[in-house]
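Topology and contacts: notes
Listed here are the chains, written in short residue letters.
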Amino acid sequence: MSLIDPLGDMLTRIRNAHMRNKSSVSTPGSRLRQHVLDVLAAEGYIRGYTQTELANGRTEFEIELKYYDGAPVIREIQRVSKPGRRVYASVKNLPRVANGLGISILSTPKGVMADHDARDNNVGGEILCRVF
């Protein structure tokens, strides 16, 4: 099965698993997904993830979701730049999510990073998603 938007699929799986109060969710593996999961784990939105190798040479990520007092830590996760409409921002125009309480995940020339790291490194790029 080919996916048009693999990152959007992963974000939707996380959103759906949170609605059902699941402790973990699995998604097919890719390098972009791995970098986004690294940022989510570093910022404390997920507990972590493990990568498993399947028999046919493909990889799969098992994402451990994080809850606080029974409520999901990720209140809102939304794809910004889509395959039909890419959204780019310079370092001066990086949006603040929930007045600095949330993060935007960007794909920059220096790698995938959160918006505050992009400001520190003085780089802009494609805004992949918004997390609050």
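As recorded in an unreviewed UniProt entry, the chain goes by Small ribosomal subunit protein uS8 and comes from Methylopila musalis. Entered under Sequence similarities (unreviewed entry) in the UniProt record, the comment concerning the chain runs "Belongs to the universal ribosomal protein uS8 family." Checking UniProt for the chain, the heading Function (unreviewed entry) contains the comment "One of the primary rRNA binding proteins, it binds directly to 16S rRNA central domain where it helps coordinate assembly of the platform of the 30S subunit."

Brief notes about the pattern of salt bridges
Within the structure shown, the criterion is met by five salt bridges. For Asp9, the salt bridge goes to Arg13, with nearest N and O atoms at 3.0 Å. Here Asp9 and its partner Arg13 are both found in helix H1 (residues 6-19), four residues apart, which amounts to about one turn of the helix. Residue Arg13 is classed as partly exposed on the basis of its relative accessible area of 32%. Measuring nitrogen to oxygen at the nearest pair gives 3.7 Å for the salt bridge that ties Asp9 to Arg33. Linking Asp9 in helix H1 with Arg33 in helix H2 (residues 31-43), this pair joins segments that are 24 residues apart in sequence. Both residues of the pair, Asp9 and Arg33, count as buried. Each of Asp9, Arg13 and Arg33 takes part in salt bridges that share partners, so that together they form one network.

Focus on the side chain of Glu126
Along the polypeptide, Glu126 turns up in strand S10 (residues 125-131). Those residues in contact with Glu126 that sit more than four places away from it in its chain are Ser81, Arg86, Val87, Tyr88, Ile105, Leu106 and Ser107.

Topic: the sheet that holds strand S3 (residues 59-65)
What the three strands build is an open sheet, ordered S1-S3-S2; its pairing is antiparallel. Only two strands of the sheet have a single neighbouring strand rather than two, namely strand S1 (24-28) and strand S2 (46-53). Across the sheet, the axes of successive neighbouring strands diverge by a mean angle of 20°, strand direction being ignored. Looking at chain direction, S2 and S3 are connected through seven bridges and run antiparallel. Residue pairing for S3: Thr52 is matched across the bridge by Glu60. Of the strands in this sheet, S1 and S3 are in contact with H1, which crosses S1 at around 165°. Those strands touched by H2 are S1, S2 and S3, and its axis lies near 150° from that of S2.

Calculation notes
- Residues numbered from 1 in each chain as written.
- Predicted model: local features only at pLDDT ≥ 70, side-chain atom pairs only at ≥ 80, totals over all residues.
- Heavy atoms only, no water.
- UniProt positions renumbered as here; feature names shortened; annotations may be inferred.
- Salt bridge = Lys/Arg side-chain N within 4 Å of Asp/Glu carboxyl O.
- Helix = DSSP H or I, 4+ residues; strand = E, 2+ residues; numbered from the N terminus.
- Buried < 20%, exposed > 50% of the residue type's maximum accessible area, 1.4 Å probe, protein only.
- Contact = heavy atoms within 4.5 Å.
- Pairing = 2+ DSSP bridges.
- Axes fitted to C-alpha atoms, helices over the stretch in contact; angles between N-to-C directions.

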